[in-house]
Amino acid sequence: DGGITQSPKYLFRKEGQNVTLSCEQNLNHDAMYWYRQDPGQGLRLIYYSQIVNDFQKGDIAEGYSVSREKKESFPLTVTSAQKNPTAFYLCASSTSTAVATNEKLFFGSGTQLSVL
Amino acid sequence: AQSVTQLDSQVPVFEEAPVELRCNYSSSVSVYLFWYVQYPNQGLQLLLKYLSGSTLVKGINGFEAEFNKSQTSFHLRKPSVHISDTAEYFCAVTPLQGGKLIFGQGTELSVKP
């Protein structure tokens with residue numbers, strides 16, 4: 001079955017530690033996105049990538065880094081510079097033709113990151 | 001720039017009652033509009049979308065929404081809710097010419113027996 005897989009489902013971070021959230025898709029989508037979800041704030045865009053080896057900052061990129069070495073994979077690293085990392089992180093993807101309209105955005109099931 | 005306001009953070013209703021989840025947006029350009037549903041500990045699923053044409057849009061699970069350009073609203077409705085509709089619902093917009101998908105804060109729908 002085609003889809004987006006995020007792992008792990010739950011992740012704990014110690015102070016000063018970098019952690020990496022995995023996002024893999026087998027939908028052959030060109031574009032991939034990372035959102036952060038906080039209660040009462042909806043979703044906010046962290047980073048997005050429209051093509052392999054290219055990515056752009058979203059609204060809240062500080063304290064995060066990404067890479068897009070393969071079309072299928074878009075891992076997100078939460079660095080020690082992110083002082084408030086506790087949130088639900090959602091990965092999404094879309095076809096290149098749907099990037100402009102966002103009409104076919106597919107979401108993963110999310111990763112809950114908590115600070116120890 | 002665009003912004004989306006969902007007027008109710010929580011909406012409790014009884015099973016088989018009608019429900020309306022309100023969404024207003026602000027934009028200096030024309031937009032596409034979306035409603036997404038998120039079940040506990042899951043990602044978002046597209047409920048329905050308005051791109052053009054008829055302002056009354058029907059989606060999955062018996063939901064529908066009406067685009068009102070003059071009031072800049074896109075309220076979501078269902079005539080009779082089920083327990084399984086309990087979830088968080090997000091309204092979102094994106095400019096016609098392309099750009100980011102802007103989400104509202106979410107409305108938690110709680111359906112009680």
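Refer to the structure presented above.
A. Representation of the interface of chain B and chain A within the structure. At the interface, 22 residues of chain B touch 21 residues of chain A. Of the roughly 1600 Å² buried where chain B meets chain A, counting both sides, 54% is carbon and sulfur surface. Contact with chain A buries surface across chain B, with Asn-41, Lys-100 and Phe-103 of chain B losing the most and accounting together for 28% of the total. Our count for the chain B to chain A interface comes out at 0 salt bridges. Applying the counting criterion to the chain B and chain A interface returns 3 residue pairs in polar contact (both at pLDDT 80 or more). Taken together, the elements giving at least two residues each to the side of chain B that touches chain A come down to β5 (31–38), β6 (44–50) and β10 (87–95) of chain B. Broken down by class, the residue content of the side of chain B that touches chain A amounts to 10 nonpolar, 9 polar and 3 charged.

B. Quick look at the pattern of salt bridges. One pass over the structure, following the stated rule, counts 8 salt bridges over all chains. Of the charged contacts, one joins Arg-36 of chain A and Asp-38 of chain A as a salt bridge, the two residues approaching to 2.8 Å between their closest N and O atoms. Taking relative accessible area as the criterion, Arg-36 of chain A reaches 4% and is therefore assigned buried. By relative accessible area, which is 10% here, Asp-38 of chain A ends up buried. Note that Lys-78 of chain B and Asp-85 of chain B form a salt bridge whose closest N and O atoms lie 2.8 Å from each other. Salt bridges sharing partners connect three or more residues here, namely Arg-36, Asp-38 and Arg-44 of chain A.

C. Representation of the layout of surface pockets within the structure. Empty space within the largest pocket amounts to approximately 340 Å³. Lining the largest pocket are 20 residues, and of these Gln-37 of chain A together with Gln-38, Ala-87, Glu-88 and Glu-108 of chain B lie nearest its centre. Listed by contribution, the elements that provide at least two residues to the lining of the largest pocket are β10 and β12 (107–112) of chain B. Of the residues contributing to the lining of the largest pocket, the split by class is 5 nonpolar, 12 polar and 3 charged.

D. Structural view of the sheet that holds strand β7 (residues 64–66) of chain A. Residue and element names in this part refer to chain A. One open sheet accounts for 4 strands, arranged β1-β3-β8-β7; its pairing is antiparallel. Of all the strands in the sheet, the pair left with one neighbour each is β1 (4–7) and β7. In this sheet, adjacent strand axes meet at a mean angle of 20° when their direction is disregarded. Both β1 and strand β3 (residues 19–25) contribute to a ladder of 4 bridges, which runs antiparallel. Bridge pairing in β3 places Gln-6 opposite Cys-23.

Rules used in this analysis
Residues numbered from 1 in each chain as written. Chains lettered and ligands numbered in written order. Predicted model: local features only at pLDDT ≥ 70, side-chain atom pairs only at ≥ 80, totals over all residues. Heavy atoms only, no water. Contact = heavy atoms within 4.5 Å. Buried area = accessible area lost by both parts, 1.4 Å probe. Salt bridge = Lys/Arg side-chain N within 4 Å of Asp/Glu carboxyl O. Polar contact = N/O pair within 3.5 Å; in protein donor to acceptor, adjacent residues only side chain to side chain. Helix = DSSP H or I, 4+ residues; strand = E, 2+ residues; numbered from the N terminus. Nonpolar A, V, L, I, M, F, W, Y, C, P; charged D, E, K, R; others polar. Buried < 20%, exposed > 50% of the residue type's maximum accessible area, 1.4 Å probe, protein only. 1 Å grid on protein atoms, 1.4 Å probe; cavity = no way out; pocket = protein on both sides within 12 Å on 5 of 7 lines; lining within 4 Å. Points joined across faces, edges and corners; volume = space filled by probe spheres on them. Pairing = 2+ DSSP bridges. Axes fitted to C-alpha atoms, helices over the stretch in contact; angles between N-to-C directions.

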